[in-house]
Amino acid sequence: MPLREGWRLQSACTLQSAGDTIAASGFSTDSWLKAAVPGTVLAIQAANGIVPDPYFGDNLRHLPGGSYPVGAVFNNLPMPQDSPYRCGWWYRTEFKAPVAAQKEQHSWLHFGGINYRAEVWLNGHRIADSKAVAGAYRTYDFDVTEFLKPGEVNVLAVETFAPTEKDLGINWVDWNPCPPDKDMGLWGAVDLIATGPVTVRSPLAVTHFRDSSLAAADLTIHALLHNAADHAVKGVLAGSAAGARFEQTLELAPHEDRNITLTPEQFSQLQIRNPKPWWPYQMGEPHLEPLALSFTVQGQLSDKQTVSFGFREVTSELTADGNRLFRVNGKPILVRGAGWSPDMLLRADENRLRDQFRMVRDMNLNTIRLEGKLETDAFFHLADEQGILVMLGWCCCDHWEHWKDWTPEDLSIAKASLRAQMLRLRYHASLLVWLNGSDNPPPPDVESAYLQVESETNWPNPILSSATATPTTVSGASGVKMSGPYDYVEPSYWYARQHGGAFGFNTETSPGPAIPSLASRHKFLPDAEAWPPSNNWNLHNGGGGFTTLKVFDQAMEAVYAKPQSAAEYERLAQTMEYDSERAMFEAYGKNKYTSTGVIQWMLNNAWPSMIWHLYDYYLDAGAGYFATKKACEPLHIQYAYDDGSVVVVNSTYEPGSALHASIHVHNLQWKELFTSETAVNVAADSVQRVVAIPESLYAGPDRIFFIDLTLTNASGHVVSRNFYWVPATLTTFDWTKTDYTHTPAARYEDLTALAKLPQAAVEAHAEIENTPRGRELHLHLDNRSNALAFQLRAAVRTGSGELIAPVFWSDNWIEMTPGESVTLTALLPESMTTVPAVQVEGWNIAPLTLTPTPAGAAH
């Protein structure tokens, strides 16, 4: 029975009553705020209109308690003295409990997440105090049988307390500001649960394939049983896994907890023949099977749990170069992913979540990394269903990694938090690896304590000490690196065998800023077209060393041009993002398995931001999104900045045969300088060199080269198209001045001549039709000129120019050669029923605004 609606919220500083009074019937909450749970205190205030939209302009800075220094990690600072969140905040609800369904029924209150401490009261009785309820990532199951009134109205009241700077709370680091309440409150679900005397919790099925054929799998079943009765209970544990049935008679002592393990040696039916494996996205189908466990006492059901699991086995190893390589079902996988952020106020929206998973797959990514922010159950269910791997673990940069300041209570809370999350998540097929630290590995005593918990909870996947290359005396080398950069670097950086270049496993890195579109900026800025950017813009940069975009802006002016307007700044920024984002993923692809993984920092934002995203807070996809989608496509042709070669990267597990590569190199005046037509065969999961661009070209008079690559299959169908603008002299980096943000340029490359491209004449028309996929828009583009049309972007807007998102374009930020025709397809949001406007812009075309016609109509 979810206890979601009908809550009320009030500050304890406005109340004179004690908990037993507040949790008693008849207590008036008419003046309290209406609330739904999950919901943090500030999220509830915002929903009630008590505070202005915290995401708009500089509103967040003017909220009560929001006066901490701009860019600071608020989690490391005490609450301001005048903060209303120094007080406790009460959540209260009344609910009618069902009538008991069996004689020896037990009733439980489950709390999925409380930040940070709380006192829990039911019907005037204190169930737990703030010593027992402490830890943002712990879950709680309280046996309230003694105090619940079945068939009657019950009163539940919870006083919550925000984390201090010395607590293991929820931390936003330098990603974005921390809300002034530090996300205090009931951020997880609250449920009333009924069972018999014995509960079944945390079912898990662990797969081991006997050999590489995957024709036989051994399953081991784990579960936690708890006898809530004050007497011994004998019963039958029964279950089924992928149709294989098993049972065992057990007797539990009074109040006994028992970790049950059922092995294939004990139960031969757990030796599965010809299982259907679960595969990550692009490796195969993410097939799931049911696992059901129940406990009956004298024929009466006491408890039952059902989850979905996959026949899959994740392992990892160190390569000869000492790099961490992951395998799924024995096959190596190049991890290509991005770092996830939930909403800054921890608000959950399952439709929005589903859209984001669709965007991850659309970009051809296979992994999401969670640094802290251990997401909702719905998130992990979607990851299982969609075949998206999840890296997860603790966060950096606050008390979570201030181990020298830990008290014995902190270690106890950390272990309890880890245990809760291991048991909550362990059955999910999508889990790739757990990280016990982020920017630093834990000290030996803490790492050993964590590993003990992970062993006791039968965690079935690899474990790393941290996201860094720092080894530990407990677990040795991590095999990964966290060497940046996090700010802008030119494309050739990613091919260097230094720092963040494409070797090893880079757990977080990116080319930095990502400027939202004008339509998005209008949603969070009062001056979306301000030039130069205002302080409102700057507040939506990052924190720490990322409060300005100085590195990005200097590179823009040196390499491309000095912008004269917000529109020009956005256009230049998008092109820079495309070029470097594509090169990052392509370099790691070309070098597999010398490179074993790369995580873009980040995938998305917790609030509207100018940095670190592939799509923005409003799910509008920028140029970096389409660069990633291009670079990570399953069968891909690309140019390599390190040696001037053209290669085909096959990310599928089938050979690519009878392919054909067409390479054309032009100068700025569109004179062809080099051409090659080459047959290509590429083995499964491999890289095939096709040809090298002659070095003599770069020594000639031309300073910019357009490199146009096309890969077709035996039927002549284009499977990959890629276009580059490459300077004759690449950026030279000053490696000696590298810091954690980036490596500065000693000498910038020069692409300024792109600003003088001749005008191209592009004609366009658009059609809309209803298809089995949904409502599709087809944009037909024709370059009627003798000039290249450079970096064309198509966007769908309302008639008044407002944002429509998400829109799933087949491609975007494209180039069109002279005389070329292209059709782009866009899948529109299901909720959109009106006819949109279509905007087409580029570096050297006149902007177009189109009204789509029905498919097949004359135009």
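This write-up is about the structure you can find in this document. Just so you know, these numbers come straight off a predicted model, no measurement behind them.

## Observations concerning the overall build of the chain
Secondary structure summary: the chain contains twelve helices and 48 strands in total. For 859 residues, the compact-globule estimate of 2.2 N^0.38 gives 29 Å, and the C-alpha radius of gyration of the chain, at 29 Å, lies within 12% of that figure. Its C-alpha atoms give the chain principal-axis dimensions of about 90 × 65 × 60 Å. Looking at the chain residue by residue over its 859 residues, the buried ones come to 63%. Contacts in the chain between residues at least 24 apart in sequence constitute 71% of all its contacts with a sequence separation of at least 6. Working note: accessible area of the chain is about 31,400 Å², and carbon and sulfur atoms make up 50% of it. If the 64 positive side-chain charges of the chain are averaged to one point and the 95 negative ones to another, these points end up 2 Å apart.

## Looking at the nonpolar core
Counting residues in hydrophobic clusters, the biggest one holds 269 residues, and the most contacted among them are Phe111, Leu156 and Leu779. Ranked by residue count, the leading element in this core is helix α10 (residues 566-590), at eleven residues. Once residues lying within four places of it in the same chain are set aside, the contact partners of Phe111 are Val120, Thr139, Tyr140, Phe142, Leu156, Val158, Leu186, Ala189 and Val190. Within the second largest apolar cluster, nine residues are counted, among which are Ala12, Ala23, Phe27 and Trp32.

## Description of the pattern of salt bridges
In this structure the tally under the stated criterion is 33 salt bridges. One salt bridge in this structure joins Asp811 and Lys630, with 3.2 Å as the shortest N-O distance. Here Asp811, found in the loop between β43 (808-809) and β44 (814-816), pairs with Lys630, found in helix α11 (residues 623-631); they are 181 residues apart in sequence, far enough to count as distant. Taking the relative accessible area as the measure of exposure, Asp811 reaches 18% and is therefore buried. With a relative accessible area of 10%, Lys630 lands in the buried category. When the shortest N-O distance is used, the salt bridge between Arg689 and Asp643 registers 3.2 Å. Within this pair, whereas Arg689 is found in strand β35 (residues 686-692), its partner Asp643 is found in the loop between β31 (635-639) and β32 (645-650), the two being separated by 46 residues in sequence. In the salt-bridge network here, residues are joined through shared partners; they are Arg521, Glu570, Arg793 and Glu841.

## Examining the sheet that holds strand β22 (residues 324-328)
Here three strands make up an open sheet; going across it, the order is β21-β22-β23 and the pairing antiparallel. Every other strand in the sheet has two partners, leaving β21 (314-318) and β23 (331-333) as the edge strands with one partner each. Recorded for the sheet is a direction-independent mean angle of 40 degrees between the axes of neighbouring strands. Bridge count for β22 against β23 is three bridges, and the pairing is antiparallel. Note that in β23 the partner of Arg327 across the bridge is Pro332.

## Thoughts on the side chain of Ser510
Along the chain, Ser510 falls in the loop between β29 (504-509) and α7 (518-524). Here Trp601 takes part through its backbone oxygen, which lies 2.9 Å from a polar atom of the side chain of Ser510. Once you skip the residues sitting within four places of it in the chain, Ser510 turns out to touch Pro485, Tyr486, Asp487, Trp494, Met584, Gln600, Trp601 and Trp612.

## What to know about the environment of Gly504
With respect to the element layout, Gly504 can be found in strand β29. For Gly504, a relative accessible area of 3% puts it in the buried group. With 182 residues separating them along the chain, Gly504 and Gly322 place their C-alpha atoms 8.0 Å apart. Other than its neighbours up to four places away in sequence, Gly504 contacts Asn323, Tyr588, Thr594, Ser595, Thr596 and Gly597.

## A short note on the packing of aromatic side chains
Inspection of the entire model under this criterion finds 51 aromatic pairs. Seen from their ring centres, Trp531 and Tyr569 are 5.2 Å apart, and the 45 degrees between their planes marks the pair as tilted. You can see Trp531 sitting in the loop between α7 and α8 (535-538) and its partner Tyr569 sitting in helix α10, a full 38 residues away along the chain. Classification of Trp531 as partly exposed rests on a relative accessible area of 32%. Counting every residue linked through ring pairs, the aromatic cluster contains Tyr560, Tyr578, Trp670, Phe706, Phe723, Trp725, Phe790 and Trp843. Sitting over the ring of Phe74, Lys182 keeps its end group 4.6 Å from the ring centre. Above the plane of the ring of Trp175 lies Lys373, whose end atom (NZ or CZ) is 4.1 Å from the centre.

## Digging into the state of the cysteines
Enumeration according to the criterion identifies two disulfides in this entry. Each disulfide pairs two cysteine sulfurs, and for Cys13 the partner residue is Cys87, the sulfurs being separated by 1.7 Å. Between Cys13 and Cys87, the disulfide has an S-S torsion of -90 degrees and is therefore left-handed. Pair noted here: Cys13 is in the loop between β1 (7-11) and α1 (19-22) and Cys87 is in the loop between α2 (41-47) and β4 (89-96), with a separation of 74 residues, a long-range link.

## Here's the deal with the sheet that holds strand β19 (residues 289-297)
Hydrogen bonding along the main chain pairs the strands of a sheet, whether they run parallel or antiparallel. Taking strand neighbours across the sheet as the criterion, the four strands line up as β16-β15-β19-β20 in an open arrangement whose pairing is antiparallel. Two strands lie at the open edges of the sheet, namely β16 (244-252) and β20 (300-309), each paired on one side alone. Neighbour-to-neighbour, the strand axes of the sheet open up by a mean angle of 15 degrees, direction not taken into account. Here β19 runs beside β20; their pairing, made up of nine bridges, is antiparallel. Across the sheet, Leu291 pairs through a bridge with Val307, a residue of β20.

## Side note on the side chain of Asn364
With respect to the helices, strands and loops of the structure, Asn364 is situated in the loop between α3 (350-362) and β25 (367-371). At a separation of 3.0 Å, a polar atom in the side chain of Asn364 contacts the main-chain carbonyl oxygen of Lys629. Excluding its chain neighbours within four sequence positions, the residues that come into contact with Asn364 are Tyr281, Gln282, Lys629, Cys632, Glu633 and Pro634.

## Comments concerning the pairing of strand β34 (residues 672-682)
Relative to β34, strand β33 (residues 656-666) runs antiparallel, the two being bridged by nine bridges. Bridge assignment links Ile663 to a residue of β34, and that residue is Ser676. Between β33 and the antiparallel strand that follows it, β34, lie five residues; Trp670 among them carries a positive phi value of about 65 degrees.

## As for helix α9 (residues 550-559)
Among the residues of α9, Val551, Phe552, Ala555, Met556 and Val559 are the ones counted as buried. Along the long axis of α9, the arc covered by the buried residues comes to 135 degrees, so they all point the same way. Where α9 is buried, its residues contact α10.

## A look at the environment of Ala755
Within the element layout of this structure, Ala755 appears in the loop between β39 (745-747) and β40 (762-771). Through-space distance from the C-alpha of Ala755 to that of Leu148 is 73 Å; in sequence the pair is 607 residues apart.

## Focus on the packing of α10 against α11
Relative to each other, α10 and α11 sit at 30 degrees, their axes nearing to 8 Å. The angle between the axes of α10 and α11 places the two elements in the roughly parallel class. Classified by chirality, the crossing of α11 by α10 is right-handed. On the side of α10, the interface is formed by Gln574, Glu577, Tyr578, Glu581, Arg582, Phe585 and Glu586, while α11 contributes Ala623, Gly624, Phe626, Ala627, Thr628, Lys630 and Ala631. Across the contact of α10 with α11, the residue classes break down as six nonpolar, three polar and five charged.

Cut-offs applied
Residues numbered from 1 in each chain as written. Predicted model: local features only at pLDDT ≥ 70, side-chain atom pairs only at ≥ 80, totals over all residues. Heavy atoms only, no water. Helix = DSSP H or I, 4+ residues; strand = E, 2+ residues; numbered from the N terminus. Rg over C-alpha atoms; globule rule 2.2 N^0.38 Å. Buried < 20%, exposed > 50% of the residue type's maximum accessible area, 1.4 Å probe, protein only. Contact = heavy atoms within 4.5 Å. Areas by Shrake-Rupley, 256 points an atom, 1.4 Å probe, with all protein chains shown as cover. Lys, Arg positive; Asp, Glu negative; His and termini not counted. Charge placed at Lys NZ, Arg CZ, Asp CG, Glu CD. Core = buried A, V, L, I, M, F, W, Y, C linked by side-chain atoms within 4.5 Å. Salt bridge = Lys/Arg side-chain N within 4 Å of Asp/Glu carboxyl O. Pairing = 2+ DSSP bridges. Axes fitted to C-alpha atoms, helices over the stretch in contact; angles between N-to-C directions. Polar contact = N/O pair within 3.5 Å; in protein donor to acceptor, adjacent residues only side chain to side chain. Phe/Tyr/Trp six-rings, centres within 6.5 Å; stacked < 30°, edge-to-face > 60°. Lys NZ or Arg CZ within 6 Å of the ring centre and 35° of its normal. Disulfide = S-S within 2.5 Å. Arc of directions from axis to C-beta. Parallel < 35°, antiparallel > 145°, perpendicular 65-115°, else oblique. Left-handed = near helix turned anticlockwise from the far one by under 90°. Nonpolar A, V, L, I, M, F, W, Y, C, P; charged D, E, K, R; others polar.

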